[in-house]
Amino acid sequence: MLEQTFQEKIDAEKKIEPKDWMPEKYRQTLIRQISQHAHSEVIGMQPEGNWLTRAPSLRSKKILMAKIQDEAGHGLYLYCAAETLGVKREQFLEWLHEGKAKYSSVFNYPTLTWADIGAIGWLVDGAAIVNQVSLQGTSYGPYSRAMIKICKEESFHQRQGYEIMAHMANGTKEQKEMAQDALNRFWWPSIMMFGPQDSDSPRTCWLNHFVLSKSNFAQGHIYL
């Protein structure tokens, strides 16, 4: 009976809320996915933090600081959403420190030049937006609502990266070479953010139509 009621809500594209009954595998999938997302937002502040005092202008520093503040807020929203599934934030962080939880590996790549900050904003945040727009339609209410604000702010981050790259592409020969080098190094890591093909994924896909809305699932947007 409980499973039938849950399935009916999914089929009607109604949101699953924290006090609603849900299958344990559904809950565990959400815990893994939302916590990984939250960790990625927090770790994602580090490339920008590395350049905060070295940005080429006061305007650049102010924009970079605003982006760092946004990423911290995104992590906060997502940790709060994950806690509604019955796991304390301290436990999520402990799993991260122990290596039991993951985050996007793209943030392990070094930011060697200012152009790298542009490449991250344009390519990496751009890839994140493609993934996250669909997550606004996810079936779990707290996650879905958090994604609405996050996607709006990520659009600002992507625009900031594009502005940096466009400025350098119209600069000196050295600036153009620096921009091209950054794009060359971050192009493939940004593509890897979409993950492997379903056939190569270690995760089964039976929960995809639960975690994402029916409309997104029908379009083939799979982001587990």
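**Student:** How would you explain the overall build of the chain if you had to name every residue and give the values?
**Tutor:** Within the chain one finds 10 helices and zero strands. Scanning the chain from its N terminus toward the C terminus, one meets helices and strands in the order α-α-α-α-α-α-α-α-α-α. Taken across its 224 residues, the chain has 44% of its residues classed as buried. About 12,000 Å² of surface is accessible on the chain, with carbon and sulfur atoms providing 57% of the total.

**Student:** Lay out the confidence of the model for the chain in plain terms, naming residues and giving numbers.
**Tutor:** On average, the chain scores 87 in pLDDT, and the residues at 70 or more come to 88%. Note that pLDDT drops below 50 for residues 205-210; the model gives that stretch 16 contacts with residues more than four away or on any other chain. Here residues 214-224 scores under 50 on pLDDT; set against residues more than four positions off or in separate chains, the count is 26 contacts.

**Student:** So what about the nonpolar core? Which residues, and what values?
**Tutor:** Ranked by size, the top nonpolar core spans 23 residues in total, and within it I34, L78 and Y140 carry the most contacts. Where this core is concerned, the elements lending two or more residues are helix 1 (2-11), helix 2 (24-43), helix 4 (58-83) and helix 7 (141-169). With residues up to four places along the chain from it excluded, the contact list for L78 reads I34, H37, A38, E41, Y143, A146, M147 and I150. Core analysis: the second largest hydrophobic core is formed by 20 residues, L64, A119, I164 and M165 among them.

**Student:** Give a description of the environment of Y79 that names residues and reports values.
**Tutor:** Structurally, the position occupied by Y79 is in helix 4. For the pair Y79 and H37, spaced 42 residues apart in sequence, the C-alpha separation works out to 9.0 Å. Sequence-distant contacts of Y79, that is, excluding residues within four places in its chain, are made with A38, H39, V42, R89, F92 and L93.

**Student:** Which residues make up the layout of surface pockets, and what values go with them?
**Tutor:** In this structure, the second largest pocket encloses a volume near 250 Å³. P56, R59, S60, I63, W114, Q160, E163, I164, H167, M168, Q175 and M178 together form the lining of the second largest pocket. Element by element, the count of residues in the lining of the second largest pocket is highest for helix 7, at five residues. Residue composition of the lining of the second largest pocket, grouped by class: six nonpolar, four polar and two charged.

**Student:** Hey, could you go over the environment of E71 for me, with residue numbers and the actual values?
**Tutor:** Tracing the backbone shows E71 in helix 4. With relative accessibility at 5%, the residue E71 sits in the buried group. Separated by 28 residues in sequence, E71 and I43 place their C-alpha atoms 8.9 Å apart. Those residues in contact with E71, other than ones at most four positions away along the chain, are E41, M45, D125, E154 and H157.

Criteria and cut-off values
Residues numbered from 1 in each chain as written. Predicted model: local features only at pLDDT ≥ 70, side-chain atom pairs only at ≥ 80, totals over all residues. Heavy atoms only, no water. Helix = DSSP H or I, 4+ residues; strand = E, 2+ residues; numbered from the N terminus. Buried < 20%, exposed > 50% of the residue type's maximum accessible area, 1.4 Å probe, protein only. Areas by Shrake-Rupley, 256 points an atom, 1.4 Å probe, with all protein chains shown as cover. pLDDT = per-residue confidence, 0-100. Contact = heavy atoms within 4.5 Å. Core = buried A, V, L, I, M, F, W, Y, C linked by side-chain atoms within 4.5 Å. 1 Å grid on protein atoms, 1.4 Å probe; cavity = no way out; pocket = protein on both sides within 12 Å on 5 of 7 lines; lining within 4 Å. Points joined across faces, edges and corners; volume = space filled by probe spheres on them. Nonpolar A, V, L, I, M, F, W, Y, C, P; charged D, E, K, R; others polar.

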